[in-house]
Amino acid sequence: MQSFLQICIVFACQVGGWSLQPTLSDSRSRGRGARTVAAPKERTVLAAARPPTTRSEVVVSAEVAASPTTPAPGSAAVQLALCCAIGSFCSLDRVVMGVAIIPMAADLGFSETMKGLIAAAFSLGYGLGIAPAGALVSKTGAPRRTLGGGLLAWSLAQAATAPAAPMGIAPLLASRTAMGVGEAACLPSLQVIAATGVAAEDRSRFWGFLTASLSLGTIAAYALTPAIIDWGGWPAAFYACGGGGALLAFVWLATAGASEAAAPVKEEPRALPWRRLASSEPVWALAAAHAASNVFLYFSVAWLPSFFVDVFGDSTGSASTASLLPFVAGAIAAVGAGTASDAIAPTIGLTRTRKYAQSVATLGPAASL
């Protein structure tokens, strides 16, 4: 499996114009008394986790202690490939309910209001968990174990949805809220892993591929969930996705999580600058942009399949097929946007590049709607 993942990430890096080179320092020595050999200045793309050499002002994110160990290039490639797989499961698990709710509502007599409460329960848990998850990553310096724990937690909650639904609305809402809390650990952990594992000049491109993997997870959910429901009923969809996520969590914890645990961070936890974050204009701008982008995202995840069923009379399979089309376009655009951002950032600056990209990402869907 490791060889397969390495082949996949090498292919992706070749498509993206990356190279898999070991991390090189300015000089290194081998053994006691060995002469110092100057290392050539090569462009490192999949860099090892390392602390920043200079401390910049903390505005949007807290400083995170990095692991002092240097993983081999192949290990870094596997970890980044697994990050994309986890990102896909993160989106896939969100979307399953949007498809399964159609036969669930018919079987259990859910009203439209009840369907809305079920969708909101996940968002409630996600909103409650996102700040503690980010603080946990920042204070412990263990993003890989935090990511693995979150993946295992939300996968178990996903599987628990199937038996909870017939028991009543309270157990069902509890399982969906717990799933939201678990998924809250995903993006903060992935951000730190990318920040310490990918060279700065290629970070936008990596995030493009990672964002594309999120869209691919959504596409997979829309494509596969109707077939799973036809085979084993709507409970099978939750069991299958929860079981697959739990298996991926064990693989991640046995590889990336184990390497992180073998070299624990010895620095003392630092207090987060909550007041500076709360008064930061960039933080509020990012929050507003994220909230705006979530309008269509959560509408599509929670309601788009039901919309096609109620308005056009589509079957569950046809509604899911129609619902995945925006995410196909999103996956393609994410890779293109990341590559373009890396190309133009050296000319116009990283901040302006991000502002332009976010403007297109916000105004484009608004114009389409």
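Our structure is the block above this text.
Owing to the predicted nature of the structure, the values given are computational and were not obtained by experimental measurement.

### Structural notes on the side chain of Thr225
Positionally, Thr225 belongs in helix α7 (residues 203–232). If sequence neighbours within four positions are ignored, Thr225 has contacts with Val96, Val99, Ala220 and Ala237.

### Some points on the pattern of salt bridges
Considering all chains together, one arrives at two salt bridges under this definition. The shortest N-O distance in the salt bridge between Glu183 and Arg94 comes to 2.8 Å. One end of the pair, Glu183, is in helix α5 (residues 169–183); the other, Arg94, is in helix α2 (residues 73–108), and 89 residues separate them in sequence. An identical accessibility class is assigned to Glu183 and Arg94; each is buried. Put simply, Glu112 and Lys115 hold a salt bridge, and the shortest N to O gap is 3.4 Å. Note that Glu112 and Lys115 are positioned in helix α3 (residues 112–140) at a spacing of three residues, about one turn of the helix. Glu112 sits in the partly exposed class, given a relative accessible area of 43%. Owing to a relative accessible area of 8%, Lys115 belongs among the buried residues under this scheme.

### Some details on a nonpolar patch on the surface
On the surface, a nonpolar cluster with roughly 300 Å² of combined accessible area is contributed by Phe307, Val311 and Phe312. Within the secondary structure layout, Phe312 lies in helix α10 (residues 281–312).

### Quick look at the environment of Ser318
Position of Ser318 relative to the elements: it lies in helix α11 (residues 316–348). Judged by its relative accessible area of 41%, Ser318 falls in the partly exposed class.

Definitions and cut-offs
- Residues numbered from 1 in each chain as written.
- Predicted model: local features only at pLDDT ≥ 70, side-chain atom pairs only at ≥ 80, totals over all residues.
- Heavy atoms only, no water.
- Helix = DSSP H or I, 4+ residues; strand = E, 2+ residues; numbered from the N terminus.
- Contact = heavy atoms within 4.5 Å.
- Salt bridge = Lys/Arg side-chain N within 4 Å of Asp/Glu carboxyl O.
- Buried < 20%, exposed > 50% of the residue type's maximum accessible area, 1.4 Å probe, protein only.
- Patch = residues over 30% accessible without salt bridge, like charges linked within 9 Å, V, L, I, M, F, W, Y side chains within 5 Å.
- Areas by Shrake-Rupley, 256 points an atom, 1.4 Å probe, with all protein chains shown as cover.

In short, the description is geometric, and any link to function would need to be established separately.
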